[in-house]
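Residue-level listing of the chains:
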Amino acid sequence: FDVVTCQEMLVDHAFTLPMALLWPDLRWPVRTIPVCVNTVQAPLPSASRCYRLGEAIGRAIESWDTEERVVVIGTGGLSHQLDGTRAGFINKEFDRKFMDSLVDDPKWATQYSTLDLVELVGTQGVELLMWLVARGALTGKVDKLHSNYHIPISNTASGLMLLGNRD
């Protein structure tokens, strides 16, 4: 992969909010490696490329010679568009199918081009690419340990999943 690396990086709410929810005292007892995916500026990566990036990360984790446990957190919105003529757009049917596919058929969303995904999920909904990276990092079949989908009174659907590698 032709990834970009940096020695210093400012992280945004996609990183800090999940960390604050997991450790409200803000004293993180873990080491972190943020992986950011471009969901803002053209050219956006394809769903297939993001899934393959996750697979590469998963192989790197599996090859790491340690007894330490690793948690992979994928963040980002599901379908939503915050501005323009489709402001407030949410595609509940696609969101639910996408979440189900992460368990049963994780490559399902890779059939769509990035432009098709924008049409299906809205301009900011392409943040679901980060869910594909996280799912790609899991090896083989997974168990769905928890799942929740909610559309609050706002412009963004909200989803949460906890998946675990099968032994």
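Residues numbered from 1 in each chain as written. Predicted model: local features only at pLDDT ≥ 70, side-chain atom pairs only at ≥ 80, totals over all residues. Heavy atoms only, no water.

Asker: Before we go on, may I ask you to explain the nonpolar core in this structure?
Answerer: Generally speaking, soluble globular proteins have nonpolar side chains that are buried together. Within the largest apolar cluster, 28 residues are counted, with the highest numbers of intra-cluster contacts made by Phe 98, Leu 128, Leu 129, Trp 131 and Leu 132. When residues of this core are traced back to their parent elements, those giving at least two are α2 (47-63), α3 (92-104), α4 (114-121), α5 (129-137), β1 (142-150) and β2 (158-165). (Core = buried A, V, L, I, M, F, W, Y, C linked by side-chain atoms within 4.5 Å. Buried < 20%, exposed > 50% of the residue type's maximum accessible area, 1.4 Å probe, protein only. Helix = DSSP H or I, 4+ residues; strand = E, 2+ residues; numbered from the N terminus.)

Asker: Would you mind going over α5 with me for this structure?
Answerer: Given 3.6 residues per turn, any residue in an α-helix points the same way as the ones three and four places further on. Among the 9 residues in α5, 9 count as buried, and that is most of the element. For α5, the complete set of buried residues consists of Leu 129, Met 130, Trp 131, Leu 132, Val 133, Ala 134, Arg 135, Gly 136 and Ala 137. As for α5, its buried residues are in contact with α2, α3, α4, β1 and β2. (Contact = heavy atoms within 4.5 Å.)

Asker: Is there a simple way to explain the packing of aromatic side chains in this structure?
Answerer: The description of an aromatic ring pair rests on the distance of the ring centres and on the angle between the ring planes. Scanning all chains against the criterion turns up 6 aromatic pairs. Ring centres of Phe 94 and Tyr 112 lie 5.9 Å apart, and the angle between their planes is 70 degrees; this geometry places the pair in the edge-to-face category. Of this pair, Phe 94 sits in helix α3 while Tyr 112 is found in the loop between α3 and α4, placing the two residues 18 residues apart along the sequence. A relative accessible area of 22% places Tyr 112 in the partly exposed class. The rings of Phe 94, Phe 98, Trp 108, Tyr 112 and Trp 131 are connected pair by pair, giving a single aromatic cluster. A cation over a ring is seen here: Arg 86 above Phe 89, with NZ or CZ 4.2 Å from the ring centre. Lying across the ring of Trp 108, Lys 97 places its NZ or CZ 5.2 Å from the centre. (Phe/Tyr/Trp six-rings, centres within 6.5 Å; stacked < 30°, edge-to-face > 60°. Lys NZ or Arg CZ within 6 Å of the ring centre and 35° of its normal.)

Asker: Sorry if this is basic, but what is going on with α3 here?
Answerer: For α3, spanning 13 residues, the distance from its first C-alpha to its last is 18 Å, which sits close to the expected 18 Å at 1.5 Å a residue. By the burial criterion, the buried members of α3 are Phe 94, Asp 95, Phe 98, Met 99, Ser 101, Leu 102 and Val 103. Where α3 is buried, its residues meet α4, α5, β1 and β2. (Expected span 1.5 Å × (residues − 1).)

Asker: Teacher, can you tell me more about the environment of Gly 76 here?
Answerer: Locating Gly 76 in the fold gives a position in the loop between α2 and α3. Taking C-alpha positions, Gly 76 is 14 Å from Leu 117, a pair spaced 41 residues apart along the chain. Residues within four places of Gly 76 in sequence aside, it is in contact with Glu 127, Met 130 and Trp 131.

Asker: In this structure, what is going on with a nonpolar patch on the surface? I would like to understand it.
Answerer: The grouping of Leu 22, Val 71 and Ile 73 at the surface amounts to a nonpolar patch, some 290 Å² of accessible area in total. With respect to the helices and strands, the residue Ile 73 is situated in the loop between α2 and α3. (Patch = residues over 30% accessible without salt bridge, like charges linked within 9 Å, V, L, I, M, F, W, Y side chains within 5 Å. Areas by Shrake-Rupley, 256 points an atom, 1.4 Å probe, with all protein chains shown as cover. Salt bridge = Lys/Arg side-chain N within 4 Å of Asp/Glu carboxyl O.)

Asker: What is the right way to look at the environment of Ser 154 in this model?
Answerer: Examined against the element boundaries, Ser 154 turns out to sit in the loop between β1 and β2. Take Ser 154: its relative accessible area is 40%, and that puts it in the partly exposed class. Once the C-alpha coordinates of Ser 154 and His 80 are considered, the two residues, 74 residues apart in sequence, prove to be 9.7 Å apart.

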